Amino acid sequence: MKITFAANWRARLILFRALGAFLVMSAFAMWVLPGSVFSAEVLPIKAGASLLYLVFGVVLLTLEFVGERPDAYFDPIRREVRVLQKNENGRPQTVLRRSYDTLGSARFSERQVELYDVDGSLLMKLPLPSPEVSHALKGQLSGSVPISH
């Protein structure tokens, strides 16, 4: 079973989308706000600036962050979890390998699972894409890892 780590980009996405919306509104506001100048000398600069604002605003509104996030593989045969990260050549490289019996506990919530070390420190927090994945992972970990909800 493979689960991808969730990126913590929510605040940045909100900030970029707010800035994008501001730029799009500014592109149109240049033309409709009172006091707008429509002289022949200013018209090309104003058109270029509003087009630039519009393009950058739309780019910021549609921006999605797809970084090189590691993947967590839960191996039911070897009964271990492996975290793989792509190296500079684009090949997956193991950065963490833990047997199920060396994990302290697992806490399942509706949308994520948290894996803890024996000392109680958080090892990883993974999003669960569906209830079926959650159920399958609980089945793999049961018997080896204490599970809480």
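The rules we used
- Residues numbered from 1 in each chain as written.
- Predicted model: local features only at pLDDT ≥ 70, side-chain atom pairs only at ≥ 80, totals over all residues.
- Heavy atoms only, no water.
- Helix = DSSP H or I, 4+ residues; strand = E, 2+ residues; numbered from the N terminus.
- Buried < 20%, exposed > 50% of the residue type's maximum accessible area, 1.4 Å probe, protein only.
- Polar contact = N/O pair within 3.5 Å; in protein donor to acceptor, adjacent residues only side chain to side chain.
- Contact = heavy atoms within 4.5 Å.
- Phe/Tyr/Trp six-rings, centres within 6.5 Å; stacked < 30°, edge-to-face > 60°.
- Lys NZ or Arg CZ within 6 Å of the ring centre and 35° of its normal.
- Core = buried A, V, L, I, M, F, W, Y, C linked by side-chain atoms within 4.5 Å.
- Arc of directions from axis to C-beta.

1. Digging into the side chain of Ser50
Okay, step 1: Inspection of the secondary structure assignment puts Ser50 in helix H2 (residues 43-61).
Okay, step 2: Residue class for Ser50 comes out buried when judged on its relative accessible area of 9%.
Okay, step 3: There is a polar contact of 3.1 Å between the side chain of Ser50 and the side chain of Trp31.
Okay, step 4: Not counting residues up to four positions away in its chain, the partners in contact with Ser50 are Ala27, Met30 and Trp31.

2. What about the packing of aromatic side chains?
Okay, step 1: If you walk through the whole model with that rule in mind, you get one aromatic pair.
Okay, step 2: A cation over an aromatic ring shows up here: Lys46 above the ring of Trp31, its NZ or CZ 5.0 Å from the ring centre.
Okay, step 3: A cation over a ring is seen here: Lys46 above Phe38, with NZ or CZ 4.4 Å from the ring centre.

3. Overview of the nonpolar core
Soluble, globular proteins show a tendency: their nonpolar side chains are buried together.
Okay, step 1: Core analysis: the biggest nonpolar cluster contains 16 residues, and Phe74, Val113 and Leu141 have the highest contact counts within it.
Okay, step 2: Taken together, the elements giving at least two residues each to this core come down to strand S2 (71-75), strand S3 (80-86), strand S5 (105-108), strand S6 (112-116), strand S7 (122-127) and helix H3 (131-141).

4. Some words on H3
Okay, step 1: Residues of H3 that are buried include every one of Ser134, Leu137, Gln140 and Leu141, and no others. Viewed end-on, H3 has its buried residues packed into an arc of 125°, placing them on one side of the element. Exposed and facing more than 90 degrees away from the buried side of H3 are Pro131, Glu132 and His135.
Okay, step 2: At the C-terminal side of H3, Gly143 shows a positive phi close to 95°.

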